[in-house]
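Chain by chain, the residues run as shown.
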Amino acid sequence: MSKVVKANYTAEAVAGFTHRTAMEEAARCLLCHDAPCSKGCPAGTDPAKFIRSIRFRNDRGAAETIRENNILGGTCARVCPYDRLCEEACSRCGIDKPIEIGKLQRYAIEQEEAYGMKTLSAPEKKVGNVACVGAGPASLAVAAELAKAGYNVTILEREAKAGGVLTYGIVPSRLPQAVVDHDIAQVEGLGVKFQFNTEVKAADLDAYDAVFVGAGLWADNLPKIDGIELDGVYAAVDFLKEARTKAEGFNPGKKVLVVGGGDVAVDCAVSAKLLGAEDVKIVYRRTLEEAPGNMTEFHYALSLGIGMTTGMAPAAVKGNGKVEAVEFKGFRDEAAELTLSADTIVFATGQKAEDMAAVAGVKVTDKGTIAADDAGATDVEKIFAAGDIVNGGKTVVEAVAAGKAAAASMIAYLEKKGVK
C-alpha cells in the first residue's frame, strides 16, 4: 500500500479554527449568566467559562478551565457528540445556530500545546497507593483526579500504549494519535505512573489501598448466524485495532461490509476506505434517523463514497472458508431480502466485557459488566469501577464524567480509612 494512503488515513478530516475564526465564533456567544451549555456537558468541562476566556483573548485561562474539569479535553474536542449535548443546549439555537463549542475547545487545547502551557499541577507530597486497571478514558480521569488530590497512582495496562479505545479503537482521521498522546502526557505530568504490557492478576491488587477498574469492553459480540466463523469476519474492536497498529500494512479487503449504525461502524467503514478498500458499505437494521452515530461522521463517510443501506439485518455469511457474500433479511419487513458480495464483513454491533477474574469477588451482571453504583462503588470494599465496563459502552465524555464521580468516591473512602 502506498504512502499516500497512509497519509489519508492519519490526516484529520475536519480542520480546526485559526485565531481569527476562533475569535469570530467566540464573539457570537451570548455570555449567558446561567449558561445552559455548561449544564449540558456530562463531564462539567464548563464551555461558558472557556468560551468567555477565548473571547477576551485569554487562551491560557481557556485551557486551564478545560484541563481542570476534563483531563481529556483534547480528545473530547474531537469525538464528543456536541450536537446532542452542550451545542444542543446553546441559547443561540433559538436565534440562528449554536456556537461551535467543540471546535473552540479544540482551539484552546491546540494553543496549550503550541505554547507549551503547563495548566495543571499536583501536590509534591504523595500518599497511599492506588491502582487503575486499564488505561482507557475512565481510568485516565480517575488517575488525574486522585493525583491532583495527592495520591500515588499507578495505571496497569496490558497493551503497549495508554488510551484504550482512544488509541486502538477510533480512526485517526477523527482522532489523531498525537492528540491522545498530548492528553495522556497531562496525566503523566501529574505524577501518575504507567505499567504497560501488564496482565493483572487478583494477587497483584492486594498491595493497593484502593483499586479502580476501567478495563473497557474488548471481547467480541458477534451475532449467532451461519458462517460467522469464516475467514474475513471481524468484530469492530479487532478490525479497528489491527488497522491502527498496522496502518498501511493492513489489507482491509476490496469489498467491505460494515454492520451497525453507531460511530464505531462509521470508523470501521472510513478506516477500510482510507486504507484501500474499493467498495465499502454500511448496513444498518433501522433507519438513518434512528442511528446512534453522529450525523457529521455519516456525512463524512458518504463524502468518501461509502454507501449505506438501512432496514436490513444480517441473516447469514456465505463462503467457502472465506467470506464471499452476506445475506440480509428485513428488520421490520420480514419479507425483504438482500444479498451483498463481500470479502470482509465487520460487525460493529457492540462489545462485551472480558473475564473479570482479576478482580475476584466483584459482582458481574448477566451482560458481563461490573455491578457498581453511580459513585463507582462495587460490592467489594476497596474496588471501584466506572465507564464502559459498568455502563456497557457510552461516550468518552460520559466515561470522563463517571471517572470523576468514582474518583470523588475513592477519595472519600481513602480519607475515611486514614490514607491522607
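Scoring rules and cut-offs
Residues numbered from 1 in each chain as written. Predicted model: local features only at pLDDT ≥ 70, side-chain atom pairs only at ≥ 80, totals over all residues. Heavy atoms only, no water. Helix = DSSP H or I, 4+ residues; strand = E, 2+ residues; numbered from the N terminus. Buried < 20%, exposed > 50% of the residue type's maximum accessible area, 1.4 Å probe, protein only. Contact = heavy atoms within 4.5 Å. Lys, Arg positive; Asp, Glu negative; His and termini not counted. Charge placed at Lys NZ, Arg CZ, Asp CG, Glu CD. Axes fitted to C-alpha atoms, helices over the stretch in contact; angles between N-to-C directions. Parallel < 35°, antiparallel > 145°, perpendicular 65-115°, else oblique. Left-handed = near helix turned anticlockwise from the far one by under 90°. Nonpolar A, V, L, I, M, F, W, Y, C, P; charged D, E, K, R; others polar. Pairing = 2+ DSSP bridges. Expected span 1.5 Å × (residues − 1). pLDDT = per-residue confidence, 0-100. Phe/Tyr/Trp six-rings, centres within 6.5 Å; stacked < 30°, edge-to-face > 60°. Salt bridge = Lys/Arg side-chain N within 4 Å of Asp/Glu carboxyl O. Core = buried A, V, L, I, M, F, W, Y, C linked by side-chain atoms within 4.5 Å.

(A) Summary view of the overall build of the protein chain. Each helix and strand counted, the protein chain has 16 helices and 13 strands in total. Each principal axis of the C-alpha atoms in the protein chain carries an extent, and together these give about 65 × 55 × 40 Å. Buried residues in the protein chain amount to 51% of all 420 residues. Considering only intrachain contacts with a sequence separation of at least 6, the fraction spanning at least 24 residues in the protein chain is 71%. Once the 49 positive and 57 negative side-chain charges of the protein chain are each reduced to a mean point, those two points are 3 Å apart.

(B) Structural context of the packing of helix H12 (residues 236-246) against helix H13 (residues 263-274). Two numbers describe how H12 lies on H13: the axes approach to 10 Å, and their chain directions differ by 40°. As judged from the angle between their axes, H12 and H13 are oblique. Seen from above, H12 lies across H13 with left-handed handedness. Each of Ala 236, Phe 239 and Leu 240 in H12 lies in contact with H13, whose residues at this interface are Val 264, Asp 267, Cys 268, Ser 271 and Ala 272. Among the residues forming the contact of H12 with H13, the class breakdown is six nonpolar, one polar and one charged.

(C) Representation of the sheet that holds strand E1 (residues 127-133). Strand order in the open sheet made by the five strands is E3-E2-E1-E4-E13, with parallel pairing throughout. At either margin of the open sheet sits one strand with a lone partner, and together these are strand E3 (193-195) and strand E13 (383-385). Along the sheet, successive strands turn relative to each other by an average axial angle of 25°, direction set aside. Together, E1, strand E2 (151-156), E3 and strand E4 (210-213) form the strand contacts of helix H9 (residues 137-148), whose direction differs from that of E2 by roughly 165°.

(D) Quick look at the environment of Gly 216. Mapped onto the elements of the fold, Gly 216 is located in the loop between E4 and strand E5 (233-235). Separated by 177 residues in sequence, Gly 216 and Gly 393 have C-alpha atoms that sit 8.0 Å apart. Apart from residues no more than four positions distant in its own chain, Gly 216 is found in contact with Ala 353, Asp 388 and Ile 389.

(E) Broad picture of helix H8 (residues 101-114). A rise of 1.5 Å per residue sets the reference length of H8, with its 14 residues, at 20 Å; its end C-alpha atoms lie 20 Å apart and thus fit the reference within 8%. Burial of H8 is extensive: ten of the 14 residues sit out of reach of the surface. Turning to H8, its buried residues number three or more, namely Ile 101, Gly 102, Leu 104, Gln 105, Arg 106, Tyr 107, Ala 108, Ile 109, Gln 111 and Glu 112. One or two positions beyond H8, positive phi appears at Gly 116, with a value near 60°.

(F) A look at the side chain of Gln 111. With respect to the helices and strands, the residue Gln 111 is situated in helix H8. If we skip the residues at most four places from it in the chain, Gln 111 touches Asp 59 and Met 117.

(G) Focus on the confidence of the model for the protein chain. Summarising the model, the protein chain shows a mean pLDDT of 94, and 97% of its residues fall at 70 or more. Scored below 50 in pLDDT, residues 1-7 makes eleven contacts in the model with residues more than four places away or belonging to other chains.

(H) Structural view of the packing of aromatic side chains. In the structure shown here, the tally under the stated rule is five aromatic pairs. A ring pair is formed by Tyr 234 and Phe 239, whose centres lie 5.3 Å apart and whose planes are at 80°; its orientation type is edge-to-face. Each of the two residues, Tyr 234 as well as Phe 239, counts as buried. With a centroid separation of 5.3 Å and an interplanar angle of 75°, the aromatic rings of Phe 239 and Phe 250 are classed as edge-to-face. Of the two residues, Phe 239 is situated in helix H12 and Phe 250 in the loop between H12 and strand E6 (255-259); the sequence distance between them amounts to eleven residues. One exposure class covers both Phe 239 and Phe 250, and it is buried.

(I) The sheet that holds strand E12 (residues 344-347), seen in detail. Read from one edge of the open sheet, five strands run E5-E12-E6-E7-E8, paired in parallel fashion. Edge positions in the sheet fall to E5 and strand E8 (307-310), since each of these pairs with one other strand and no more. Strand-to-strand twist of the sheet, defined as the mean angle between neighbouring strand axes without regard to direction, takes the value 20°. Pairing of strand E7 (residues 279-284) with E8 involves four bridges; the strand directions are parallel. Bridge pairing in E8 links Ile 282 to Met 308.

(J) Representation of the pattern of salt bridges. Using the criterion set out here, one finds 22 salt bridges in the structure. With a closest N to O distance of 2.8 Å, Arg 92 and Asp 96 form a salt bridge. Given the relative accessible area of 44%, Asp 96 is considered partly exposed.

(K) Inspection of the environment of Gln 351 at higher detail. Summarising the element assignment, Gln 351 is placed in the loop between E12 and E13. The class for Gln 351 is partly exposed, based on a relative accessible area of 24%. Non-local contacts of Gln 351, meaning those with residues more than four positions away in its chain, are made with Leu 217, Ala 219, Asn 221 and Val 237.

(L) Molecular detail of the nonpolar core. Ile 54, Leu 146, Tyr 151 and Phe 212 are the most contacted members of the largest nonpolar core, which has 73 residues in total. Ranked by residues supplied to this core, first place goes to helix H16 (residues 396-416) with eleven residues. Among all residues touching Phe 212, those that are not within four sequence positions of it are Ala 131, Cys 132, Val 133, Ala 138, Ser 139, Val 142, Phe 384, Ala 385, Ala 386, Ala 406 and Met 410. Judged by nonpolar contacts, the second largest core, of 30 residues, contains Val 171, Ala 247, Ile 282 and Phe 298.

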